[in-house]
Amino acid sequence: MKRLTNWHLILIINTVGLLFFAACSANNQNTTTAVTTVTPPPMQPLQLTQRPQKIVDLMNQRGKQDEDKPVLKVVSPAANSTINGSTVRVRLDLSGELAGGYKPGKDPATGTGNHVHVILDNQPYEAYYHLDQPFELRNVIAGKHTLRVFPSRPWHESYKNDGAFQMVTFTVAGGGDPSKPTTTNTGQVVANNNASPMASPAASEGKDVAPSTAGEVDPTKPLLTDSRPKGEYKGPDADPIMIDFWLSNAKLRGDGGEYRVRYIIDDDEPGYIDKWEAIWLTGWTNGPHTVRLELLDKDNNPVDNGGYNTTTREITVVK
Ligand SMILES: [Cu+2]
């Protein structure tokens, strides 16, 4: 009986040893990917991909619109003005080289069209389609604010020519009720003033955050204006997803400058943008994601400008 037990023990030890050996050899075969056997691979391996064919087709249909150089001027609120009350009327003037036919406006049939991205402080943009119709920000809270505008295409890619972008700083005296959101005249929420104790404009991370006031932004210093992605992406629009931004007073490495833009999706490995143009990422999983964009200097350190140069947005992908 005793001998049998020992024999069993030896058998067990040998079996365990064999298993270890098998496991080790399996690992050895994977030495080049040893890290991924320890840390599970990310659930969402995003990859750069080219501009989607449906957008290429749209561009062809648009003729020479994409060669236009639209210039925007903020007529109201006037730069450095003070507004009494809590409603800020936005009026824009569009000029520039428009021979290709660039004109904002929503096509009732498709619900899309050229439009302007309007950004209060560092909140997500709102779309302004018909520049001859009123656009108001309502219940803007008291204090200093910035408004940033630039022309965009139906698929939300910005025009990047000189003069396309303008930022003005203005002050709201009196102001709205901080316990209620700031909205447009069509009811779109621009800022949920009471939603979070995070009062710092640097922490403005989307619609759920921050009583919205301006950061201490210097219009002469490098400025990254976050634009896309935003909101919810559904069905065929959910993959690939475009990242796009406006860049002022800074040139990226690939454009002859020294700056880079870093993007971090969820907590994945960062990616870098070294040429100022929209990029498309494919491989998104269903559900909520965070997209962080930040401007880096030549030493890869974030460049601060009133908290606007590092922005995190929450998006939702529904495939
Ligand atoms: Cu847009």
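Refer to the structure presented above.
This structure is a prediction, so every number in the text was calculated from the model and none was measured.

**Student:** What is the right way to look at the sheet that holds strand β11 (residues 189–191) in this model?
**Tutor:** Strand pairing in a sheet relies on backbone hydrogen bonds, with the paired strands running either antiparallel or parallel. Pairing within the open sheet is antiparallel, and its 5 strands lie in the order β2-β4-β7-β10-β11. Every other strand in the sheet has two partners, leaving β2 (69–76) and β11 as the edge strands with one partner each. With strand direction ignored, the average angle separating the axes of adjacent strands in the sheet is 30°. Two strands pair when backbone bridges link them, and strand β7 (residues 135–138) and strand β10 (residues 182–184) are joined in this way by 2 bridges, in the antiparallel orientation. Counted as the bridge partner of R138 is T183 from β10.

**Student:** Whenever I open this one, the sheet that holds strand β13 (residues 231–234) confuses me. Can you help?
**Tutor:** Read from one edge of the open sheet, 5 strands run β13-β19-β18-β15-β16, paired in mixed fashion. Of all the strands in the sheet, the pair left with one neighbour each is β13 and β16 (271–273). Mean inter-strand twist for the sheet, computed between neighbouring axes without regard to direction, equals 30°. Examined bridge by bridge, strand β15 (residues 260–265) and β16 share 3 bridges and lie antiparallel to one another.

**Student:** Mind showing me how you'd approach unusual backbone geometry here?
**Tutor:** The bulk of non-glycine residues show a negative phi, and the bulk of peptide bonds are trans. Going from S76 to P77, the amide bond is cis rather than trans, its omega being 0°. In the segment running from D239 into P240, the intervening peptide bond is cis, with an omega of 0°. One non-glycine residue, N139, lies in the positive phi region at around 60°. Position of N139 relative to the elements: it lies in the loop between β7 and β8 (143–152).

Parameters and conventions
Residues numbered from 1 in each chain as written. Predicted model: local features only at pLDDT ≥ 70, side-chain atom pairs only at ≥ 80, totals over all residues. Heavy atoms only, no water. Pairing = 2+ DSSP bridges. Helix = DSSP H or I, 4+ residues; strand = E, 2+ residues; numbered from the N terminus. Axes fitted to C-alpha atoms, helices over the stretch in contact; angles between N-to-C directions.

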